[in-house]
Amino acid sequence: MSGLVVWFTGLSGAGKSTLATALEARLKASGQQVELLDGDAVREHLSKGLGFSREDRDSNIRRIGFVANLLAKHGVTVLVSAISPYRDTRSEVLAQASRKLEVFVDAPLETVKERDVKGLYAKALRGEIPHFTGVSDPYEPPLSPDVHLRTDLLSIEECVERLLETLDEREVAA
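All figures in this text were calculated on a predicted structure; none of them were measured in a lab.

Asker: I would appreciate a short explanation of the overall build of the protein in the present structure.
Answerer: Looking only at helices and strands, the protein features 7 helices and 5 strands. Along its sequence from the N terminus, the protein presents helices and strands in the succession β-α-β-α-α-β-α-β-α-α-β-α. For the protein, the C-alpha radius of gyration of 16 Å lies close to 16 Å, the compact-globule estimate for 174 residues. Projected onto its principal axes, the C-alpha positions of the protein cover 50 × 35 × 25 Å.

Here it is as structure tokens:
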């Protein structure tokens, strides 16, 4: 498998980075060329200075998409872990990839609040963090993702196995 963008989207705390990191390890162990673009790391470097307005969030996602698609054109499997809250921007970016897989990493708000070791949800619910996705800003889930993973119901291993099975199916169909 090569030249593929796997886009993990979902609320903060849903498990996007955890699953992307676990999948990255499995793919690298099988000898594949893989790159992980984590939303937090990208915001620190490539998108430093952007805020959390809709325009800034869209710019951030477009930057991630540009890098992901560039790497994929050169045969890399790119794993993107980013909240990417707006459906139309995700669709726009994914439409530019010749091979892609949209993964909706889903968990109820109660679950992601429990997983929040930094206390961001509690602060957002108290109004201390403006524009927090899922609390004071919207999150638009994909209407028909390629893979929908309920991380409150499935283990990390079960999710990774489902992803690997889907990737294998896509490879056979390609």
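Structure's up, so let's keep going.
Asker: Would you mind going over unusual backbone geometry with me for this structure?
Answerer: For residues besides glycine, phi is generally negative; the peptide bonds are generally trans as well. Although it is not a glycine, S84 adopts a positive phi angle of roughly 40°. Among the secondary structure elements, S84 is positioned in the loop between β3 (77–81) and α4 (87–95). In this structure, H131 is a non-glycine residue whose phi angle is positive, near 60°. Mapping H131 onto the fold places it in the loop between α6 (120–125) and β5 (147–150). A residue is classified by how much of its surface remains accessible, and H131, at 42% relative accessible area, is partly exposed.

Asker: Explain the sheet that holds strand β1 (residues 4–9) here, please?
Answerer: Whether parallel or antiparallel, the strands of a sheet pair through hydrogen bonds between backbone atoms. Read across the sheet, 5 strands follow the order β2-β3-β1-β4-β5 without closing on themselves; strand pairing throughout is parallel. Two strands lie at the open edges of the sheet, namely β2 (34–38) and β5, each paired on one side alone. Between one strand and the next, the sheet's axes are offset by a mean angle of 15°, whatever the strand orientation. Here helix α1 (residues 16–29) sits on the sheet and contacts β1, β2, β3, β4 (100–106) and β5; the angle it forms with β3, its principal contact strand, is near 165°. Across the sheet, α4 lies against β1 and β4, angled at about 170° from β1, the strand it touches most.

Asker: It is not clear to me how the packing of helix α3 (residues 54–73) against α4 should be interpreted in this structure. Could you clarify?
Answerer: To describe two helices that pack against each other, one gives the angle between their axes and the distance between the axes. Interhelical geometry of α3 versus α4 gives an angle of 20° and a closest axis separation of 9 Å. Here α3 lies roughly parallel to α4, going by the angle between them. The crossing of α3 and α4 is right-handed. The segment α3 lies against α4, with R54, D58, I61, R62, G65 and N69 engaging D88, T89, E92 and V93. Residue composition of the contact of α3 with α4, grouped by class: 2 nonpolar, 3 polar and 5 charged.

Asker: I'm lost on the environment of D116 in this one. Help?
Answerer: One can find D116 in the loop between α5 (109–115) and α6. Using a relative accessible area of 18% as the deciding quantity, one classes D116 as buried. Taking the C-alpha atoms as reference points, D116 and T89, 27 residues apart in sequence, are found 26 Å from one another. Not counting residues within four places of it along the chain, the set of residues in contact with D116 comprises Y121 and A122.

Conventions adopted
Residues numbered from 1 in each chain as written. Predicted model: local features only at pLDDT ≥ 70, side-chain atom pairs only at ≥ 80, totals over all residues. Heavy atoms only, no water. Helix = DSSP H or I, 4+ residues; strand = E, 2+ residues; numbered from the N terminus. Rg over C-alpha atoms; globule rule 2.2 N^0.38 Å. Buried < 20%, exposed > 50% of the residue type's maximum accessible area, 1.4 Å probe, protein only. Pairing = 2+ DSSP bridges. Axes fitted to C-alpha atoms, helices over the stretch in contact; angles between N-to-C directions. Contact = heavy atoms within 4.5 Å. Parallel < 35°, antiparallel > 145°, perpendicular 65-115°, else oblique. Left-handed = near helix turned anticlockwise from the far one by under 90°. Nonpolar A, V, L, I, M, F, W, Y, C, P; charged D, E, K, R; others polar.

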